[in-house]
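The residues making up each chain are set out below.
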Amino acid sequence: MRFNTKLLHGGFPADAHGATVPPIYQVSAFAHTSAEKLEKVFANKAPGFAYTRISNPTVAAFEKRMAALEGGVDAISCASGMAAVSMALLCMLQSGDEIIAGSGLFGGTLDLLDDLAAFGIRAVFLPEVTAENVAAAVTPSTKAVFAELIGNPKLDVVDIKAVAEVAGAHRIPLVIDSTTATPALVRPLAFGAHIVVHASSKYINGSGNAISGVIVDGGGFPWDFDKHPALAKYRQFGKLAFAARLRQDIWRNFGACLAPQSAYLNCIGLETLGLRMERLCQNAAMLAEALVAQPGITVNYPGLAANAYRPLIGSQMENGHGGAILTIRAGTKERAFALINALRYAHIATNIGDVRTLVIHPGSTIYAAAGEQRKRAAGVYDDLIRVSVGIEDIRDLREDFLAAVKKINEGGEQHGS
Ligand SMILES: *Cc1c(COP(=O)(O)O)cnc(C)c1O
């Protein structure tokens with residue numbers, strides 16, 4: 001089954017009543033016919049549901065789809081992308097452990113890694129997550145490598161296979177945040193990554209109508225329980241120890257569950273993921289090409305022919321798509337603001353992955369609290385605009401952005417560099 005068919009017919013369990021989309025089970029608890037039956041359900045010895053923090057049919061429908069689309073053994077959905085990142089890390093780490101991560105991570109994840117310091121978990125940031133940099137940074141305390149497949153907003157691209165090999169050789173799992181790529185562009189597990197996380201609030205949902213996250217376990221990592229004592233209690237599950245501890249312990253006890261209504265909205269969104277990503281990436285590429293020729297601004301988009309990551313995009317991504325995010329440097333903060341304000345169709349909003357085009361000035365919003373050094377490392381500059389390209393007619397988007405660039409170029413000072 002090809003991807004777009006799988007989105008609709010991926011072998012998901014049929015609804016008892018033949019509902020064509022998963023119904024919303026908007027309940028907290030599920031009643032059973034006997035105490036014995038509930039005892040079995042509680043102990044995972046009989047199929048069924050007990051309590052929505054632990055499992056729910058609508059949530060399970062979303063999770064089954066995500067596991068199938070990423071090619072994993074299990075998917076655990078969370079209340080937000082940040083909850084998914086937090087739960088994935090806390091499930092495998094404990095005090096004294098180190099995590100290697102890219103310095104160009106999503107702002108919320110950078111802040112989370114700071115928060116984890118209070119729990120004795122130290123983050124080591126690399127300028128770029130490459131096999132060489134990871135090999136040089138590994139210590140006996142390193143217990144996880146975390147990278148965003150296409151960094152947001154730095155737009156650096158990870159060579160999954162090369163990094164997974166180095167991490168695996170040190171018995172360290174590679175966790176890939178694949179939010180900006182989605183399984184429509186790449187299945188990181190197939191390239192050797194061990195765990196995938198998504199802020200499914202973004203492209204998976206697609207319409208910006210529910211916050212959620214998901215963790216997919218590839219099920220192939222040979223956990224060494226001396227190296228990862230956090231998982232030792234789940235030793236009997238072998239390669240499934242990570243998913244087992246998440247479901248039975250960390251994720252359940254932190255209460256990171258996804259609401260059934262949000263799971264439902266994600267299931268609807270998933271049906272058009274392939275179509276949307278195709279259109280979004282085409283629009284992004286065409287907009288980037290139109291803007292790259294303009295005076296007074298510079299454009300970063302990994303799909304552009306001259307981009308340093310173009311070869312990795314070509315070898316890893318479906319149809320060589322470079323994602324749907326591009327950034328523009330306008331020369332100064334004032335010019336960046338003027339460009340943003342001159343756009344007719346782009347919403348000024350802090351989100352990505354919507355069907356609508358969204359723009360933001362990361363330096364004064366998402367990274368407002370970050371120091372200069374962290375901003376630089378994350379590729380955030382005072383004149384940087386992030387564009388999450390939507391599915392609008394490309395002719396309208398192109399006209400809109402070109403008119404805005406023209407307006408700021410006629411309005412006075414030119415780009416300094
Ligand atoms: C948005 C985002 C997150 C966090 O997701 P939320 O649903 O907002 O908590 C994590 N990683 C990346 C790459 C993101 O874009």
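The model shown is predicted, which means the values in this text are computed figures rather than measured ones.

As for the environment of Met 82
- Residue position: Met 82 is located in helix α4 (residues 81-92).
- With 32 residues separating them in the primary sequence, Met 82 and Ala 50 have C-alpha atoms 26 Å apart.
- Once residues within four sequence positions are removed from consideration, Met 82 is found in contact with Phe 106, Gly 108, Thr 109 and Leu 112.

As for the sheet that holds strand β12 (residues 384-388)
- Read across the open sheet, the five strands follow the order β8-β9-β12-β11-β10; overall the sheet is mixed. In this open sheet, the two strands that pair with only one neighbour each are β8 (298-300) and β10 (347-348).
- Pairing geometry for strand β9 (residues 325-329) and β12, over five bridges, is antiparallel. Paired with Ile 325 across the two strands is Ser 388, which belongs to β12.
- Sheet strands touched by helix α11 (residues 273-292): β8 and β9. Its angle to β9, the strand with the most contacts, is close to 15°.
- Along the sheet, helix α13 (residues 333-342) makes contact with β9, β10, β11 (358-360) and β12, crossing β12 at roughly 30°.

Comments concerning the nonpolar core
- Phe 62, Val 134, Val 145, Leu 149, Leu 174 and Leu 273 are the most contacted members of the largest nonpolar core, which has 58 residues in total.
- For this core, the leading source of residues is helix α3 (residues 57-70), giving six residues.
- Leave out the neighbours within four places in its chain, and Phe 62 touches Ser 77, Ser 200, Ile 204, Val 214, Leu 258, Ala 263, Asn 266, Cys 267 and Leu 270.
- In this structure, Ala 83, Ala 88, Ala 101 and Leu 112 belong to the second largest nonpolar core, which totals 43 residues.

Description of the site of the ligand
- Surrounding the ligand, one finds 14 residues, the nearest of these being Gly 81, Met 82, Asp 177, Ser 201 and Lys 202.
- A distance of 2.7 Å is found between a nitrogen atom of the ligand and a side-chain nitrogen or oxygen belonging to Asp 177.
- In this structure, an oxygen atom belonging to the ligand sits 2.7 Å away from a side-chain N or O atom of Lys 202.
- Coverage of the ligand by the protein amounts to 91% of the 380 Å² it exposes when considered alone.
- Of the pockets mapped on this structure, the ligand occupies the second largest pocket.
- Taken together, the residues that form the shell around the ligand break down as five nonpolar, six polar and three charged.

Some thoughts on the domain arrangement of the protein
- The domains assigned to the protein are domain 1 (3-269) and domain 2 (275-409).
- For domain 1 and domain 2, the distance between their C-alpha centres works out to 28 Å.
- Domain 1 puts 40 residues into the contact, and the matching count from domain 2 is 37 residues.
- Three residues, Leu 155, Leu 185 and Tyr 203, lead the burial of domain 1 against domain 2; their summed loss comes to 27% of the area buried on that side.

So, the pairing of strand β2 (residues 98-102)
- Most of β2 sits inside the fold, with five of its five residues counted as buried.
- The two faces of β2 match: Glu 98, Ile 100 and Gly 102 on one face and Ile 99 and Ala 101 on the other face are all buried.
- Two strands pair when backbone bridges link them, and β2 and strand β3 (residues 122-126) are joined in this way by five bridges, in the parallel orientation. Bridge pairing in β3 links Ile 100 to Val 124.

A look at helix α9 (residues 241-254)
- The axis of α9 is deflected most strongly, by about 50°, at Arg 247.
- Where burial is concerned, most of α9 is hidden: ten out of the 14 residues are buried.
- Buried within α9 we find Ala 241, Phe 242, Ala 243, Ala 244, Arg 245, Leu 246, Asp 249, Ile 250, Trp 251 and Arg 252.
- At its buried positions, α9 is contacted by α3, β1 (74-78), α4, β6 (195-198) and β7 (213-217).
- Remark: Gly 255 follows α9 within two positions and exhibits a positive phi of approximately 70°.

Some thoughts on the packing of aromatic side chains
- Across all of its chains, the model carries four aromatic pairs by this definition.
- Ring plane angle 35° and centroid distance 6.1 Å describe the contact between Tyr 234 and Phe 237, whose orientation is recorded as tilted.
- The exposure class assigned to Phe 237 is partly exposed, which follows from its relative accessible area of 31%.

With respect to the side chain of Lys 227
- Residue position: Lys 227 is located in the loop between β7 and α9.
- Among buried charged residues, Lys 227 stands out as having no salt bridge; its nearest opposite-charge side chain is Asp 224, 7.0 Å away.
- With residues near it in sequence (within four places) discarded, Lys 227 still touches Pro 140, Thr 142, Lys 143, His 170, Arg 171 and Ile 172.

A look at the sheet that holds β2
- An order of β1-β7-β6-β5-β4-β2-β3 is seen for the seven strands of this open sheet, with the pairing classed as mixed. Every interior strand has two partners, whereas the edge strands, β1 and β3, have only one. Along the sheet, successive strands turn relative to each other by an average axial angle of 20°, direction set aside.
- Here three bridges tie strand β5 (residues 174-177) to β6, and the two strands are oriented parallel to one another. Bridging across to β6, Val 175 finds its partner in Ile 195.
- Each of β1, β6 and β7 is contacted by α3, which is oriented at about 130° to β1, the strand it contacts most.
- Along the sheet, α9 contacts β1, β6 and β7; its crossing angle with β1, the most-contacted strand, is approximately 30°.

Things to note about the packing of α11 against helix α15 (residues 394-410)
- Close contact between α11 and α15 brings their axes to 10 Å; oriented N to C, the two are set at 30°. Judged by the angle between their axes, α11 and α15 are roughly parallel. Crossing of α11 over α15 shows right-handed handedness. Here Asn 283, Met 286, Leu 287, Ala 290 and Leu 291 of α11 come into contact with α15, specifically with Ile 394, Leu 397, Arg 398, Phe 401, Leu 402 and Val 405.
- Split into classes, the residues belonging to the contact of α11 with α15 amount to nine nonpolar, one polar and one charged.

About the thresholds
Residues numbered from 1 in each chain as written. Predicted model: local features only at pLDDT ≥ 70, side-chain atom pairs only at ≥ 80, totals over all residues. Heavy atoms only, no water. Helix = DSSP H or I, 4+ residues; strand = E, 2+ residues; numbered from the N terminus. Contact = heavy atoms within 4.5 Å. Pairing = 2+ DSSP bridges. Axes fitted to C-alpha atoms, helices over the stretch in contact; angles between N-to-C directions. Core = buried A, V, L, I, M, F, W, Y, C linked by side-chain atoms within 4.5 Å. Buried < 20%, exposed > 50% of the residue type's maximum accessible area, 1.4 Å probe, protein only. Near = heavy atom within 4 Å. Polar contact = N/O pair within 3.5 Å; in protein donor to acceptor, adjacent residues only side chain to side chain. Areas by Shrake-Rupley, 256 points an atom, 1.4 Å probe, with all protein chains shown as cover. 1 Å grid on protein atoms, 1.4 Å probe; cavity = no way out; pocket = protein on both sides within 12 Å on 5 of 7 lines; lining within 4 Å. Sits in = over half its atoms within 2 Å of the grid points. Nonpolar A, V, L, I, M, F, W, Y, C, P; charged D, E, K, R; others polar. Domains from an automatic or database assignment. Buried area = accessible area lost by both parts, 1.4 Å probe. Bend = angle between axes of the 7 residues up to and from the residue. Phe/Tyr/Trp six-rings, centres within 6.5 Å; stacked < 30°, edge-to-face > 60°. Lys, Arg positive; Asp, Glu negative; His and termini not counted. Salt bridge = Lys/Arg side-chain N within 4 Å of Asp/Glu carboxyl O. Parallel < 35°, antiparallel > 145°, perpendicular 65-115°, else oblique. Left-handed = near helix turned anticlockwise from the far one by under 90°.

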